[in-house]
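Structural overview for review
The primary structure of each chain is shown beneath.
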Amino acid sequence: MDRDTGSGGPSTPSGPTARLRRRKGSNEVPPEVETNGDRLLFNDRNKYKSMLIRTYSTVWMIGGFVSIIYLGHLYIWAMVVVIQIFMAKELFNLLRKAHEDRQLPGFRLLNWHFFFTVMLFVYGRILSQRLVNTVTMDKFLYKLVGRLIKYHMVTCYFLYIAGFMWFILTLKKKMYKYQFSQYAWTHMILIVVFTQSAFTVANIFEGIFWFLLPASLIVINDIAAYIFGFFFGRTPLIKLSPKKTWEGFIGASFATMISAFVLANILGHFQWLTCPRKDLSTGWLECDPGPLFKPEYFTVPQWFPEWDFGDSIPGHGGITDRMDCQMVMAVFAYIYHQSFIVPQSLSIEMIMDQILMNLTFEEQRALYTKLGQIIMEKQFGES
């Protein structure tokens, strides 16, 4: 039973029970956020200022992103590497403890040693054949690159072992728990960062189209969700993020599906975006885009309404900082391309990889001579 404090209302209980009640109440969503979503989402006085800032930064990101796409495959790859480095730096610092680091001078360098070792391994595997194609005309560079590719895996292995030995030799009493936790955390970061980048870079060199379309759809979905939620959002989607609305989610879903058809049609007309890059040069690309990028026409029933999606949907672009979504989309795009687009057979690139990695220079020359004889015999036989 509450005691009267003389102020016309019940007193506030004291003791452990009161503290428990206050703690419990502090974790609950305030009633105005939970039940009055339109007040928070629709009539927010600061939302127009926030929208102006977001629009200004988006314009700059769009300009930079389009410029990098125009410059080509190598510059897009460089952009991915820069993003990787900043992501790794942020994640490395996430569980960092300054007090422990002061007792372990040079310990942070070990993280970057593992980072660049894995980067050498991943990109070496993806870009080895394209590097060979770049230096084919120079005999010295061709032999040098061939040697590097042959010993690429063992080089990365010994670099990793050197890092592991570095870690073992720097173990310090009373610091074991912190050091081993950082060692495990570093490897988790490498998995997250390079899983994304490996698929992303593979998509880039198979054709900028396979990088640009998925990335653009994620950006469009994010922008459309913001716009629909900004102007029409009244129903909160989840309590964790009260400014996300069902109106924004549904509007963004339709906008993304429509944009997928529109963008695929637009981007598919440019050889710069559809041609794969077989080397590491920056020159112009010319190729047969194949039936995938050639339009097919179908007869539309007379009762079907005629909509011009190209005029009704405005163009969107930009770059988003939600790299988790980009990672999922990059993996999906790579798997889709390898499963349904690339012919399921041995390619010239795969055969060349095996030749360069497993045959000596003398064996490669003998193979070249033998192939020349076979081709000449076939030519004379046909004539």
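Residues numbered from 1 in each chain as written. Predicted model: local features only at pLDDT ≥ 70, side-chain atom pairs only at ≥ 80, totals over all residues. Heavy atoms only, no water.

1. Description of the packing of aromatic side chains
Heads up, the condition is: Planes of paired rings set the category: under 30 degrees apart is stacked, over 60 is edge-to-face and the rest tilted, where pairs are Phe, Tyr or Trp rings (Trp by its six-membered ring) whose centres lie within 6.5 Å. A run of H or I in DSSP becomes a helix once it reaches four residues, and a run of E becomes a strand once it reaches two; helices and strands are each numbered from the N terminus. Exposure categories follow from relative accessible area, calculated using a 1.4 Å probe and restricted to protein chains: below 20% of the type maximum is buried, above 50% is exposed, and the middle band is partly exposed.
Summed over all chains, the structure comprises 27 aromatic pairs. Judged by centre distance (5.2 Å) and plane angle (50°), the ring pair of F115 and F194 falls under tilted. Separated by 79 residues along the polypeptide, F115 in helix α7 (residues 107-134) and F194 in helix α10 (residues 176-206) bring together distant segments of the chain. For the pair F115 and F194, one class covers both residues: buried. A centroid spacing of 5.0 Å and a plane angle of 85° characterise the contact between F209 and F293, whose relative ring orientation is edge-to-face. A residue pair is termed long-range when its members are at least 10 positions apart, and F209 in helix α11 (residues 208-232) and F293 in the loop between α13 (271-274) and α14 (309-312) qualify at 84 residues. For the pair formed by F209 and F293, the shared burial category is buried. An aromatic cluster of at least three residues, connected via ring pairs, comprises F114, Y160, F164, F167, F180 and Y183.

2. What to know about unusual backbone geometry
Its identity is not glycine, yet K174 carries a phi of approximately 65°, on the positive side. Locating K174 in the fold gives a position in the loop between α9 (152-169) and α10.

3. So, the packing of α11 against helix α12 (residues 246-267)
For clarity, the cut-off: Axes here refer to lines fitted to C-alpha atoms; in helices the fit is confined to the stretch in contact. Angles between the N-to-C directions go from 0 to 180 degrees. The handedness criterion is simple: a crossing whose near helix is rotated anticlockwise from the far helix by less than a right angle is left-handed, and one whose near helix is rotated clockwise is right-handed. Contact definition: two residues touch when any of their heavy atoms are within 4.5 Å. The classification used treats Ala, Val, Leu, Ile, Met, Phe, Trp, Tyr, Cys and Pro as nonpolar, Asp, Glu, Lys and Arg as charged, and all other residues, Gly among them, as polar.
Axis separation between α11 and α12 bottoms out at 8 Å; the angle between their running directions is 145°. Considering how the two elements wind past one another, α11 and α12 form a crossing that is right-handed. The segment α11 lies against α12, with F209, L212, L213, S216, L217, I220, N221, A224, A225, F228, G229 and F232 engaging E247, G248, G251, A252, S253, A255, T256, S259, A260, L263, A264 and L267. Considered class by class, the residues forming the contact of α11 with α12 number 15 nonpolar, eight polar and one charged.

4. Brief notes about the side chain of Q182
Selection criterion: Nitrogen and oxygen atoms within 3.5 Å of one another constitute a polar contact, given that in protein one can donate a hydrogen and the other can accept it, and given that sequence-neighbouring residues count only through two side-chain atoms.
For Q182, the position within the fold is in helix α10. A polar contact of 3.1 Å, which involves the side chain of Q182, links it to the backbone oxygen of L95. Apart from the residues lying within four places of it in its own chain, the contact partners of Q182 are F92, L95, R96, F107 and R108.

5. A closer look at the state of the cysteines
In plain terms, the rule: What counts as a disulfide here is a pair of cysteine sulfur atoms lying within 2.5 Å.
Under the definition given, this model contains one disulfide. A sulfur-sulfur distance of 1.9 Å marks the disulfide that ties C275 to C287. On the sign convention where negative means left-handed, the S-S torsion of about -95° between C275 and C287 marks this disulfide as left-handed. With C275 in the loop between α13 and α14 and C287 in the loop between α13 and α14, this residue pair connects regions lying twelve residues apart in the sequence.

6. Some remarks on α12
Side chains three or four residues apart in an α-helix point the same way, a direct result of the helix having 3.6 residues per turn. Our working definition: By this rule the span expected of a helix is its residue count minus one, scaled by 1.5 Å. Two axes are fitted around each residue, one to the seven residues ending there and one to the seven starting there, and the angle between them is reported as the bend at that residue.
A rise of 1.5 Å per residue sets the reference length of α12, with its 22 residues, at 32 Å; its end C-alpha atoms lie 31 Å apart and thus fit the reference within 8%. Where α12 bends most, the angle comes to about 25°, and this point is S259. Within α12 the residues assigned to the buried category are G248, G251, A252, A255, T256, S259, V262, L263 and L267.

7. Regarding the pattern of salt bridges
Spelled out, the test is: By salt bridge we mean one thing: a side-chain nitrogen of Lys or Arg within 4 Å of a carboxyl oxygen of Asp or Glu.
By the definition in use, this model includes four salt bridges. Across the salt bridge formed by E206 and R130, the nearest N and O atoms sit 3.9 Å from each other. One end of the pair, E206, is in helix α10; the other, R130, is in helix α7, with 76 residues separating them in the sequence. A residue is classified by how much of its surface remains accessible, and E206, at 25% relative accessible area, is partly exposed. One network of salt bridges, with partners in common, ties together R96, D101 and R108.

8. Details of the nonpolar core
Our working rule: Side-chain atoms within 4.5 Å are what join buried Ala, Val, Leu, Ile, Met, Phe, Trp, Tyr and Cys residues into a set we call a nonpolar core.
In terms of nonpolar packing, the biggest core is built from 47 residues, with I69 and Y123 touching the most fellow members. Put simply, the parts of the chain that give this core at least two residues each are α4 (47-71), α5 (73-94), α7, α10, α11, α12 and α13. Of all the elements, α10 adds the most residues to this core, at ten residues. Sequence-distant contacts of Y123, defined by excluding residues within four places in its chain, comprise W77, V80, V81, Q84, S128, S197 and V201. Counting residues in hydrophobic clusters, the runner-up holds five residues, among them V132, V135, V145 and L356.

9. Describing the confidence of the model for the protein chain
What counts is decided by this rule: The score called pLDDT rates the predictor's confidence residue by residue, from a low of 0 to a high of 100.
With 79% of its residues at a pLDDT of at least 70, the protein chain reaches an overall mean of 79. The low-confidence segment residues 309-322 (pLDDT under 50) makes 22 contacts with residues lying over four places distant or belonging to another chain.

10. Some remarks on a nonpolar patch on the surface
Basically, it comes down to this: Like charges within 9 Å and nonpolar side chains (Val, Leu, Ile, Met, Phe, Trp, Tyr) within 5 Å are joined into patches, using only residues over 30% in relative accessible area that form no salt bridge. Calculation of accessible area relied on Shrake-Rupley with a 1.4 Å probe; when residues are assessed, cover is drawn exclusively from the protein chains displayed.
Together, W246, F249, I250, F254 and M257 give the surface a local cluster of nonpolar side chains, amounting to about 540 Å² of exposed area. One can find F249 in helix α12.

11. Overview of the packing of α9 against α10
The cut-off we apply is this: Note that the term roughly parallel is reserved for angles under 35 degrees, roughly antiparallel for angles over 145, roughly perpendicular for angles of 65 to 115, and oblique for everything else.
Where α9 contacts α10, the two axes come as close as 12 Å, and the packing angle between them is 160°. By the angle between their axes, α9 is roughly antiparallel relative to α10. Counting all contacts with α9, which are made through Y160, F164 and F167, the residues of α10 involved are Q179, F180, Y183 and H187. For the contact of α9 with α10, the residue count by class is five nonpolar, two polar and no charged.

12. Points about the environment of M175
Relative to the helices and strands, M175 resides in the loop between α9 and α10. With relative accessibility at 6%, the residue M175 sits in the buried group.

13. Topic: the environment of T200
Assignment of secondary structure puts T200 in helix α10. T200 sits 124 residues away from I76 along the chain, and the two C-alpha atoms are 9.9 Å apart. The residues contacting T200, other than those within four sequence positions of it, are V80, F211 and A330.

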